Amino acid sequence: MSWLIFALAFWAAAWGFNIWASHQGFARQRGWRLLIPGLFGVTLLVLWEGIVRGLEVPGVILPAPSAIWERIIDSLPVLWADFAQTILKGALSGYLIGCGAAFLTAILIDRSPFLQRGLLPVGNFVAALPIVGIAPILVMWFGFDWQSKAAVVVVMVFFPVLVNTVAGLAASERMQRDLMATWGASYWQGLFKLRLPAAMPFIFNGLKIATTLALIGAIVAEFFGSPIVGMGFRISTAVGQLSLDMVWAEIAVAALAGSAFYGLVAVIEKAVTFWHPSQRGRT
Amino acid sequence: MRSVLPVLTVLLAILVIWYAAAVRLNSAWTYDQAARAEAEVTFGEVVKDAMVQERPVLPAPHQVAAGLWDGFAGQAITSKKSLVYHGWVTLSATMVGFLIGTLGGILLAVGIVHNKAMDLSVMPWAIASQTIPILAIAPMVIVVLASVGVTGLLPKAVISAYLSFFPVVVGMVKGLRSPDQMMLDQLRTYSASKGQTFWKLRLPASVPYLFTSLKVSVAASLVGAIVGELPAGASAGLGARLLSGSYYGQTIQIWSALFAAALLAAGLVMIVGMIERRTLVRMGMRT
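This part covers the environment of Met172(B). Residues and elements named next belong to chain B. By secondary structure assignment, the location of Met 172 is in helix α7 (residues 153-176). Assessed through its relative accessible area of 1%, Met 172 is described here as buried. The sequence separation of Met 172 and Val 23 amounts to 149 residues, and the corresponding C-alpha distance is 49 Å.

Here it is in C-alpha cells:
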C-alpha cells in the first residue's frame, strides 16, 4: 500500500512542479523544454511501478518497469540479435531499396504528365490501404528469413515516398523555372540545380513517414513466419509463454530504434535543407 | 476528370504485369509436374494452366475476382466462408476503436491547448509516439486482455483506438491553434470568454485539420483491427482469414481477404472524405 501512496504523492508533486514551471518565463528555454516532458515521463514510470507493486498486479498482466529493466539487462545478446535481424537486415535494407525505387520512379515519370496523372491517384489510394496484409504472401514467396521482411518494407515505404517526391518536384515556382530557362539550362541541369533541392523538404517528409512504416512492416511480417530470431518472432513467442517482461523489453527496443531512426533522418534533413524556413534559426 | 484516361492506363498496365507475373511464377509448378510425368508441355499449355491452378504462387486477377465474388455473394452472410461476415467482424472493431480513439484524441487536444503544463509535458510524448512502431504491442494487448477475461471485439478495438489516437491529438492541437493572433484579438474586443472563444472560434477553425487526421486515423484503425486478429485464437475477421490462408497455403483466400480489406479501407476513407466535403461546404470553408 505504501508503494501506491508514494507513487501518487510523487505524481502530485511532479505535476505541481510542472504546472509551476510551465508558467515561468524560463520554461521557453531549451533545457526546460526537455526537462518538463522528461519529468512527466519519469512520473509515468514511477506511477506504473507504484501501482504494480502497491496493488500486487501479477507479472503476467503488467510487469513493473524495474522487472522490464532487469530483463533488458539480462538478455542484451538476445535483444541485440533480434535488433540486427529485424531492424538492420529487414527494415533498413527494405527502407533503402523502397525509398530508392520510389525516388527513381518519381524522376522517371517526371517528364510525363500523363503518367503522373495516372500514377498519383493510384499511389494515394494505395498509400491508404492496409498494406501490411501482403506480409503473408511475401513470406510465402521470399521465405522466412529477412528477405521477405525487406520485401514487405519495400512495398510499404514505396508509395508515401513516391507521392511526396512527385509533389516535391512540382514545388519550385514558375518564376524560378523560367529563370533557369533564360540561363539556357538543360532539363537535367534544371532538375539537379533547382527542382531537386526545392523538392527536398517534401522528400524528407516522405522519408520520415516511411521510417515508422518500415519498422511496423518488418515486425508485423514476422508474425506470419520467421526464423527463430527477430523482434516480431520474440514478441509473439514471449506472449505465448506469458513472459511479458520480454515483450516489454522488445517494445522498449522497438521504441528506441524507431525514435533513433526517425532522429537520424531528421538530422540528415537538417543538414540537407538548411536553407528552408522551417530549419532556419533553430540551432 | 482529365485524369480518368491516365488512371485507367496505369490500372491496365498493372493488370497486364500481374497476368505476366502469374504465368511466370506459376509455370514452375507446371514444368515440375510435367517433368515428373515425363511429358512435354507447350508454352500455351503452361499459360492455360497458370490461370486455373488451385494453389497458385500468384493467383491470376480473375481468380482473385472470383474469390472475392464468391466471398461476398456466393455464401450466406453468416457463413464462416463469407467475406461479408469476416469483414463485419473487422469493421465493427475498427469503428468502435476509431470512435474511442477520436473522442479521446479530441479531449486530450483540448486539454493540451488550454493547459500550459499539459502542453509542455504531454505534447512532446504525443509527437515522439508517432515514430514508434506501436503495432508491436498488438499481440500482447490481445493476450493480456484475454487473461483478465476480456475477449472478442474490445481488445481489437483497444488497438484500433490506440493507433487512431495520436494522429487525432497532433492534428487537433494544430487545428485548435490555427486561429491567428488577429482573430483571437478580435474575440477579445468582443470580450468573449474562454469558453466562447473555444466554441465559436477555435473549434470551428480546427474542423479541416480534424478531418485530415481522421482520414489517416481511420485507415490506421483498420490496420490495427486486422493486426489484432493475427495472434492465436482469433477465428473471425479479415486478419484471421489472412493468417489461416497463409497456414494452409490458400493463396486465393489470402488475396481475396487482402482485397476485401483494401475495399474496406478505401470505403472508410471515402466516407470520411464525403462527410468532410459536406461539412466544410456547410460551414462555408469550401465551395
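From this point, the narrative continues.
To continue, consider the side chain of Glu250(A). Secondary-structure assignment places Glu250(A) in helix α11 (residues 244-272). Excluding its chain neighbours within four sequence positions, the residues that come into contact with Glu250(A) are Leu79(A), Asp82(A), Met231(A), Arg234(A) and Ile235(A).

This brings us to the environment of Pro59(B). Residue and element names in this part refer to chain B. Mapped onto the elements of the fold, Pro 59 is located in the loop between α2 (43-52) and α3 (61-73). When its relative accessible area of 0% is taken as the criterion, Pro 59 is described as buried. Residues Pro 59 and Leu 25, 34 residues apart in the sequence, show an inter-C-alpha distance of 9.5 Å. Excluding residues within four positions of it along the chain, Pro 59 makes contact with Trp 18, Val 64, Thr 251, Ile 252 and Trp 255.

Residues and elements named next belong to chain B. Considered domain by domain, chain B is made up of domain 1 (4-58) and domain 2 (83-282). One C-alpha centre belongs to domain 1, the other to domain 2, and the line joining them spans 40 Å. Domain 1 puts seven residues into the contact, and the matching count from domain 2 is seven residues. Together, the buried faces of domain 1 and domain 2 total about 480 Å²; carbon and sulfur atoms form 55% of this surface. Of all residues in domain 1, Trp 18, Arg 55 and Pro 56 bury the most surface against domain 2, accounting for 67% of the area lost on that side. Linking domain 1 with domain 2 are zero salt bridges, by the criterion used here. In this assembly, domain 1 and domain 2 are joined by one residue pair in polar contact (both at pLDDT 80 or more). When the residues that make up the side of domain 1 that touches domain 2 are grouped by side-chain class, the tally is four nonpolar, one polar and two charged.

For the rest of this paragraph, the subject is the packing of helix α3 (residues 65-74) of chain A against α11(A). Residue and element names in this part refer to chain A. The N-to-C vectors of α3 and α11 enclose an angle of 75°; their axes lie 9 Å apart at closest approach. Considering the angle they form, α3 stands roughly perpendicular to α11. In contact with Ala 67, Ile 68, Arg 71 and Ile 72 of α3, α11 contributes Asp 245, Met 246, Trp 248, Ala 249 and Ala 252. Split by residue class, the contact of α3 with α11 holds seven nonpolar, no polar and two charged.

As a further point, take the interface of chain A and chain B. Counting residues at the interface gives 51 residues for chain A, matched by 53 residues for chain B. In this assembly, chain A packs against chain B so that about 4300 Å² is buried in total across both faces, 83% of it on carbon and sulfur atoms. Among the residues of chain A in contact with chain B, Arg117(A), Pro130(A) and Trp141(A) are the three that bury the most area, contributing 14% of the side total. Viewed at the interface, chain B and chain A are joined by three residue pairs in polar contact (both at pLDDT 80 or more). Broken down by secondary-structure element, the contributors of at least two residues to the side of chain A that touches chain B are α1 (2-22), α2 (30-54), α5 (113-127), α6 (135-142), α9 (187-222), α10 (231-240) and α11 of chain A.

The rules behind these values
- Residues numbered from 1 in each chain as written.
- Chains lettered and ligands numbered in written order.
- Predicted model: local features only at pLDDT ≥ 70, side-chain atom pairs only at ≥ 80, totals over all residues.
- Heavy atoms only, no water.
- Helix = DSSP H or I, 4+ residues; strand = E, 2+ residues; numbered from the N terminus.
- Buried < 20%, exposed > 50% of the residue type's maximum accessible area, 1.4 Å probe, protein only.
- Contact = heavy atoms within 4.5 Å.
- Domains from an automatic or database assignment.
- Buried area = accessible area lost by both parts, 1.4 Å probe.
- Salt bridge = Lys/Arg side-chain N within 4 Å of Asp/Glu carboxyl O.
- Polar contact = N/O pair within 3.5 Å; in protein donor to acceptor, adjacent residues only side chain to side chain.
- Nonpolar A, V, L, I, M, F, W, Y, C, P; charged D, E, K, R; others polar.
- Axes fitted to C-alpha atoms, helices over the stretch in contact; angles between N-to-C directions.
- Parallel < 35°, antiparallel > 145°, perpendicular 65-115°, else oblique.

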